Amino acid sequence: MGTINNETNLTESPTWEAGVYEFQTTDPVQGGPDGLDNKPTRQLANRTQFLRALCEALANTKAPLESPALTGQPTAPTAEANSHDEQVANTAFVQTAIAAAVSSAIASLVNNSPAALDTLNELATALGNDPNFATTITNALAAKAPLASPALTGTPTGPTAAAGTNTLQLATTAFVQAALSGKLTQTQTDALYAAIGHTHSGYAPLASPALTGTPTAPTATAGTNNAQLANTAFVQAAIAAAVSSAIASLVNNSPAALDTLNELATALGNDPNFATTITNALAAKAPLASPALTGTPTGPTAAAGTNNAQLATTAFVQAATGGKLTQAQTDALYAALGHTHNGYAPLASPALTGTPTAPTAAAGTNNAQLANTAFVRSALMQFGLGTNDLSDWVGDMNALTTSGLWLAATSTNAPNPAISAWFVIVLPNANGLYAAQLAMPQSVNELWFRAENAGVWSAWSKVVGSDSPALTGVPTAPTPPAWSTTDQVSNAYYVHNSIDLRFPSDRASYFCSNGWIIQLGRVNVANTGAFTTLTFPVAFPNRMVSFVGNIISPGVNVTTVLANADAATKTGIPVAVYNVGGAGGGTTPIFYLAIGF
């Protein structure tokens, strides 16, 4: 036994290795940092460090699903117009909703009014700019007679009915006078007088005369107001003057388009409740002085740089601040508005509570967009997490380079063409040119793997189980720690560092304290390519786990040593030797190393 070397760890680098080196049968045993025996282990360690750094970087840039503390300026897609659910609303959605609400409110206020009367200014003009229009109309209407049982005053007039009319039409004095324009005969007069108790036939008494015919009298001067008799001319003139004066007082210099009740009714839209309608409409308007606006007031956006009394819209504020307010500006703005931030999250590092929601990002999205539970579950489903349903794949298995867990219903380029139903795990790839696949058939307890390098797939390799694996080729394993006494499989590097390895002249066996047995030997094998059983110096109590054979004195041609590990036993293993390109015959001395327990 020789001196045991101190344990030295490999230097690891977070680099993605394009492939993992496979030991060749002709490779020498070589340790050290750049030793060939350490190459595949170093490549795997570099890949591990690379994946670890990648996972840590991704973890540091993502927000947790539960109460994420967002920073910067979170964004979200614009929801469909009229959306009414838990989807997060961005400013574009809010502005659109506000514009639609304002437009709807104005449309409801106008309510199909004629174009000439759909603004307050046009209505004010139609009302003659009279702030007391309702009172004016009410007072004017008070001076008019109702249609039912009017109590007329003054000297009412009306159109004179045609002679002989005998209906409900009112009779004027002219109609009455015309009806009485016929004369009575003396006999009729006497009889009339007798009937009414008069004895002065043909004459009217001074006191209370009952005149007949068409009594006449001189026309009094206009404006006379005494006991003088008034004839029809005086009455008609007085009535005309009174009516003209009343109408003039009613019209009071109104414009020609508004000097009749019909015109006024038309101007008011024939609304019998016009005053109430206008009062209600005005109640929804803000005064010019100190208006207390509600809802979401809007206004025209001032030009950039404006600094006067013009109101500033949110668009003006966003443009002026570049879309961002400092914390101090935000605090000052909220203080000016009387807000205390209650119920609102800040833009920087919001501590959301409750159940925050966000729109579901498209599958494969990889940016700063928020991820909701639907997106996460969809992403997890690719790896068979949180679901009983796997993504299906039908077609050439060489084209399956998308990361995830798949249910492949295909035998094209599958590990076993006789099987067409596989569970396939695809590891992350770059541009579809570098990937790895692990495949397990649904009906057989097997596991296969292979890798894609620059778009070219390697051959499938079968992974053997831990229960009596039948290893082939040149099996490799990571180097156990020095003086390890576990059941970990050893490799040649560990053997070199654990015992003082010498090349014996014939055969030798070394028994390790942890139960392992290392057997070295040199034998001559016929150079025919036919398998010959190599018998070990000592039979392994349980089984052989590793065998390496190599030539000692190679000739001109390349000599290959073959070992049939599948037929290995506790006592020996079939081996064969042949020269590639050379003639057969003769024997070739080989050196072998067998490890077991």
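Residues numbered from 1 in each chain as written. Predicted model: local features only at pLDDT ≥ 70, side-chain atom pairs only at ≥ 80, totals over all residues. Heavy atoms only, no water.

What is the right way to look at the overall build of the protein chain in this model?
When its secondary structure is counted, the protein chain shows 13 helices and 14 strands. Counting every position in the protein chain, which comprises 597 residues, the buried fraction comes to 22%. The long-range fraction of contacts in the protein chain, counting pairs at least 24 apart against all pairs at least 6 apart in sequence, stands at 46%. When the accessible surface of the protein chain is summed, it comes to about 39500 Å², and 57% of that surface belongs to carbon and sulfur atoms. (Helix = DSSP H or I, 4+ residues; strand = E, 2+ residues; numbered from the N terminus. Buried < 20%, exposed > 50% of the residue type's maximum accessible area, 1.4 Å probe, protein only. Contact = heavy atoms within 4.5 Å. Areas by Shrake-Rupley, 256 points an atom, 1.4 Å probe, with all protein chains shown as cover.)

Before we go on, may I ask you to explain helix α1 (residues 39-61) in this structure?
In an α-helix, one full turn covers 3.6 residues, which means residues spaced three or four apart are oriented alike. Given a rise of 1.5 Å per residue, 23 residues ought to cover 33 Å, and the 33 Å separating the end C-alpha atoms of α1 matches this to within 8%. Burial in α1 covers these residues: Pro40, Gln43, Ala45, Asn46 and Arg47. (Expected span 1.5 Å × (residues − 1).)

Hey, could you run me through the layout of surface pockets in this one?
Space inside the second largest pocket adds up to approximately 1400 Å³. What lines the second largest pocket is a set of 41 residues, among which Gly154, Thr155, Pro156, Thr157 and Ile239 lie closest to the centre. For the lining of the second largest pocket, the secondary-structure elements that each account for two or more residues are α5 (173-179) and α7 (232-251). Among the elements that take part in the lining of the second largest pocket, α7 stands out by supplying ten residues, more than any other. (1 Å grid on protein atoms, 1.4 Å probe; cavity = no way out; pocket = protein on both sides within 12 Å on 5 of 7 lines; lining within 4 Å. Points joined across faces, edges and corners; volume = space filled by probe spheres on them.)

Honestly, unusual backbone geometry in this entry has me stumped. Any pointers?
Both trends apply: most residues other than glycine have a negative phi, and most peptide bonds are in trans. The backbone of Asn129 sits at a positive phi, close to 55 degrees, despite the residue not being glycine. Relative to the helices and strands, Asn129 resides in the loop between α3 (120-126) and α4 (133-142). For Asn129, a relative accessible area of 56% gives the class exposed. The residue Ala454 is not glycine, and still its phi comes out positive at about 55 degrees. In this structure, Ala454 sits in the loop between β5 (447-453) and β6 (456-457). Exposure remark for Ala454: the relative accessible area of 46% places this residue in the partly exposed category.

I tried to follow α4 on my own but got confused; where do I start?
Residues of α4 that are buried: Phe133, Ile137 and Ala140. Along the axis of α4, the buried positions cluster into a sector of 65 degrees, meaning they face one direction only. Within α4, the exposed residues directed more than 90 degrees away from the buried face are Thr138 and Ala142. (Arc of directions from axis to C-beta.)

I would appreciate a short explanation of the side chain of Arg47 in the present structure.
Along the polypeptide, Arg47 turns up in helix α1. Here Arg47 occupies a buried position and makes no salt bridge, while the nearest side chain of opposite charge, Glu17, is found at 6.7 Å. (Lys, Arg positive; Asp, Glu negative; His and termini not counted. Salt bridge = Lys/Arg side-chain N within 4 Å of Asp/Glu carboxyl O.)

How do you make sense of the pattern of salt bridges when you look at a structure like this?
Think of it this way: side chains of opposite charge can pair up when their charged atoms draw near. Taken as a whole and assessed by the stated rule, the structure comprises two salt bridges. For Glu56, the salt bridge goes to Arg52, with nearest N and O atoms at 3.2 Å. Placement of the pair is Glu56 and Arg52 together in helix α1, with a separation of four residues, close to one helical turn. For the salt bridge of Glu446 with Lys462, the shortest nitrogen-to-oxygen distance reads 3.7 Å. You can see Glu446 sitting in the loop between β4 (434-441) and β5 and its partner Lys462 sitting in strand β7 (residues 461-463), a full 16 residues away along the chain. We classify Lys462 as partly exposed; its relative accessible area is 45%.

What is the right way to read the side chain of Asp27 from this model?
Within the secondary structure, Asp27 is located in the segment before α1. Despite its burial, Asp27 remains without a salt bridge, the nearest opposite charge being carried by Lys39 at 8.6 Å. There is a polar contact of 2.8 Å between the side chain of Asp27 and the side chain of Tyr21. Here Gln24 takes part through its backbone nitrogen, which lies 2.7 Å from a polar atom of the side chain of Asp27. Not counting residues up to four positions away in its chain, the partners in contact with Asp27 are Tyr21, Glu22, Leu36 and Asn550. (Polar contact = N/O pair within 3.5 Å; in protein donor to acceptor, adjacent residues only side chain to side chain.)

Is there a simple way to explain the packing of aromatic side chains in this structure?
Two numbers describe a pair of aromatic rings. These are the distance of the centres and the angle of the planes. Summed over the entire model, instances satisfying the criterion amount to six aromatic pairs. Summarising the aromatic geometry, the rings of Phe547 and Tyr592 are spaced 5.9 Å apart at their centres and angled 20 degrees between planes, so their arrangement reads as stacked. With a gap of 45 residues between them, Phe547 in strand β11 (residues 544-551) and Tyr592 in strand β14 (residues 587-596) connect regions that are remote in the sequence. On the basis of relative accessibility, which here comes to 10%, the residue Phe547 falls in the buried class. For Tyr592, a relative accessible area of 0% gives the class buried. For the cation-ring pair, Arg47 lies above Trp16, with the distance from its terminal atom to the ring centre recorded as 4.4 Å. (Phe/Tyr/Trp six-rings, centres within 6.5 Å; stacked < 30°, edge-to-face > 60°. Lys NZ or Arg CZ within 6 Å of the ring centre and 35° of its normal.)

I tried to follow the confidence of the model for the protein chain on my own but got confused; where do I start?
Regions with low pLDDT should not have their predicted coordinates read in detail. Per-residue pLDDT for the protein chain has a mean of 77; in total, 76% of the residues score no lower than 70. Within the protein chain, the element-level pLDDT minimum falls on helix α13 (residues 492-498), averaging 60, and the maximum on β6, averaging 89. Per-residue pLDDT stays below 50 along residues 499-505; that stretch engages in 14 contacts with residues further than four places along the chain or on separate chains. (pLDDT = per-residue confidence, 0-100.)

Explain a nonpolar patch on the surface here, please?
Together, Trp16, Phe50, Leu51, Leu54 and Leu58 make up an exposed nonpolar region whose accessible area comes to about 420 Å². Checked against the element boundaries, Trp16 lands in the segment before α1. (Patch = residues over 30% accessible without salt bridge, like charges linked within 9 Å, V, L, I, M, F, W, Y side chains within 5 Å.)

Help me understand the nonpolar core in this model?
Inside soluble globular proteins, nonpolar side chains tend to come together where they are buried. Membership of the largest hydrophobic core comes to 16 residues, with the highest contact counts inside it found for Leu534, Phe536, Phe547, Ile573 and Ile590. Within the residue set of this core, elements represented by two or more residues are β9 (517-526), β11, β13 (572-580) and β14. Those residues in contact with Phe536, other than ones at most four positions away along the chain, are Gln519, Met544, Phe547, Thr569, Lys570, Thr571, Gly572, Ile573, Tyr592 and Ala594. (Core = buried A, V, L, I, M, F, W, Y, C linked by side-chain atoms within 4.5 Å.)

Help me understand the pairing of β4 in this model?
Regular strands show a simple pattern: their side chains alternate between the two faces of the sheet. Relative to β5, β4 is paired through five bridges, and the arrangement is antiparallel. Looking across to β5, one finds that Ala439 is bridged to Trp448. A loop of five residues connects β4 with β5, the two strands running antiparallel in sequence. (Pairing = 2+ DSSP bridges.)

Looking at this structure, how should I read the environment of Thr221?
Along the chain, the position of Thr221 falls in the loop between α6 (186-196) and α7. In this structure the C-alpha to C-alpha distance between Thr221 and Phe234, which are 13 residues apart in sequence, comes to 7.7 Å.

Quick question: what am I supposed to make of the environment of Ala409 here?
The topology assignment puts Ala409 in the loop between β2 (404-408) and β3 (422-430). The class of Ala409 is partly exposed, set by a relative accessible area of 46%. It is 6.5 Å that separates the C-alpha atoms of Ala409 and Trp422, two residues lying 13 residues apart in sequence. Discounting residues that sit within four places of it in the chain, Ala409 has contacts with Trp393, Val394 and Ser420.

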